[in-house]
Amino acid sequence: MKIALDIGSHDGRDSLRLLKEGYKVYAFEPLKNRYEEFFAPIEKNYDNFTLLQVGIDKEPGLKKFNDNTRLGTISSLYELNTSTVEELWPGQDLDKHITVREILCITLFDFCTYANIDKIEYLHCDTQGNDLNVLESLGSKINIVEKGVVESSGERSLYYSNNSKEDIIKFLIDNKFKIDREEYRGHSHNT
């Protein structure tokens, strides 16, 4: 069965699409409060779905994670860029809406080794400012990825992060990936 990784699964929407396309899906979503609403129904209906409630980063370990769900934005290992947030949602009290949690992060290299995965037919990465680190976490296993989508910040990053669109594109090209298209969607790019 074809393998897909959905990293930063958020609400499981992309996992569900990949499951319907016939993939065995490993979804990574560290926020445990999303399980009952989004992932329990998927697990109930699909045998080829595995949820891992961990984050992915190039350095494993316990990390601070900014749970921004009460603000209505996506959560991240990175803090929200206050000037961008103020432009998009004026007057928000960030301290009131953000909960800092501690999550366990692993590398994709370690996960693929442990799960005995030697080919990833599809990789979806949407980790809110940490996407380059996720790709780098594959290390020498980067070549087992056949295709996928990586979402990155646009001109104005929502997070204080050094994972720019340009750096992600350079990393992909340096690792012999062909970029078929680049799309702009509001605040993010899909590559």
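What comes next is a walk through the structure. All residue numbers refer to positions counted from 1 along the written sequence of the respective chain. For this predicted model, a pLDDT threshold of at least 70 governs which residues receive local features, and a threshold of 80 or more governs which side-chain atom pairs are given and counted, while totals over whole chains, interfaces and linings are taken from all residues. Just so you know, side-chain values use all the structure's heavy atoms and leave hydrogens and water out.

**Let's talk about the side chain of Lys-165**
Right, so step 1: Tracing the backbone shows Lys-165 in helix α7 (residues 165-174).
Right, so step 2: The buried label applies to any residue whose accessible area, calculated with a 1.4 Å probe on protein chains only, is under 20% of its type's maximum; exposed applies above 50%, and partly exposed to all values in between. By relative accessible area, which is 13% here, Lys-165 ends up buried.
Right, so step 3: A polar contact is formed between the side chain of Lys-165 and the side chain of Glu-182, at a distance of 2.9 Å. Secondary structure elements are defined from DSSP: runs of H or I of at least 4 residues count as helices, runs of E of at least 2 residues count as strands, and each element is numbered from the N terminus. Side-chain atoms alone can form a polar contact between residues adjacent in sequence; in general such a contact is a pair of N or O atoms within 3.5 Å, and within protein one must be able to donate a hydrogen while the other accepts it.

**Section: the sheet that holds strand β6 (residues 99-106)**
Right, so step 1: A pair of strands is labelled paired if DSSP reports no fewer than 2 bridges between them. What the 3 strands build is an open sheet, ordered β4-β6-β5; its pairing is mixed. Strand pairing shows two members of the sheet lacking a second neighbour, β4 (55-56) and β5 (61-67), which therefore form its edges.
Right, so step 2: Looking at chain direction, β5 and β6 are connected through 7 bridges and run antiparallel. Note that in β6 the partner of Asn-66 across the bridge is Val-100.

**Some points on the packing of aromatic side chains**
Right, so step 1: In this analysis, rings of Phe, Tyr and Trp, with Trp reduced to its six-membered ring, are considered paired at centre separations within 6.5 Å, and the interplanar angle assigns stacked below 30 degrees, edge-to-face beyond 60, and tilted for intermediate values. Here the structure, examined in full by the defined rule, presents 4 aromatic pairs.
Right, so step 2: Taking 6.0 Å as the distance between ring centres and 50 degrees as the angle between the ring planes, the aromatic pair formed by Tyr-23 and Tyr-122 counts as tilted. Taken together, the residues Tyr-23 in the loop between α1 (13-20) and β2 (24-28) and Tyr-122 in strand β7 (residues 122-125) connect sequence positions 99 residues apart. With respect to burial, Tyr-23 and Tyr-122 carry one shared label: buried.
Right, so step 3: With 5.2 Å between their ring centres and 70 degrees between their planes, Tyr-26 and Phe-111 make a pair best called edge-to-face. Placement of the pair is Tyr-26 in strand β2 and Phe-111 in helix α5 (residues 108-114), with a sequence separation of 85 residues.
Right, so step 4: Lying over the aromatic face of Tyr-23, Lys-2 brings its terminal NZ or CZ to 4.2 Å of the ring centre.
Right, so step 5: Geometrically, a charge over a ring is one whose NZ (Lys) or CZ (Arg) sits within 6 Å of the ring centre while staying within 35 degrees of the ring normal. The ring of Phe-109 carries Lys-141 above its face, with NZ or CZ at 4.9 Å from the centroid.

**Here's the deal with the pattern of salt bridges**
Right, so step 1: Definition used for salt bridges: Asp or Glu carboxyl oxygen within 4 Å of a side-chain nitrogen of Lys or Arg. What the rule picks out here adds up to 10 salt bridges.
Right, so step 2: Close ionic contact of Asp-14 with Arg-17 constitutes a salt bridge, the shortest N to O distance being 3.6 Å. One end of the pair is Asp-14 and the other is Arg-17, both in helix α1 and 3 residues apart, which spans about a single turn.
Right, so step 3: The class of Arg-17 is partly exposed, set by a relative accessible area of 32%.
Right, so step 4: Residues joined in a network through salt bridges with shared partners are Asp-14, Arg-17 and Glu-21.

**Section: the pairing of β2**
Right, so step 1: Most of β2 sits out of view: 4 of its 5 residues are buried.
Right, so step 2: With 5 bridges joining them, strand β1 (residues 3-7) and β2 adopt parallel strand pairing. Residue pairing in the sheet places Leu-5 in a bridge with Tyr-26 of β2.
Right, so step 3: Seen with its strands pointing away from the viewer, a crossover is right-handed if its path from the first strand over the helix to the second goes clockwise. Read as a crossover between parallel neighbours, the route from β1 over α1 to β2 is right-handed.
Right, so step 4: With 4 bridges connecting them, β2 and strand β3 (residues 49-52) associate as parallel partners. Across the sheet, the residue bridging to Tyr-26 is Thr-50, located in β3.
Right, so step 5: Viewed along the sheet, the connection from β2 through helix α2 (residues 35-45) into β3 turns out right-handed.

**A short note on unusual backbone geometry**
Right, so step 1: At His-10, a position not held by glycine, the phi torsion is positive, near 55 degrees.
Right, so step 2: Within the fold, His-10 resides in the loop between β1 and α1.
Right, so step 3: According to the relative accessible area criterion, His-10 is partly exposed, its value standing at 23%.
Right, so step 4: Look at Gln-128: it is not a glycine, yet its phi comes out positive at around 50 degrees.
Right, so step 5: Summarising the element assignment, Gln-128 is placed in the loop between β7 and α6 (131-136).
Right, so step 6: Judged by its relative accessible area of 13%, Gln-128 falls in the buried class.

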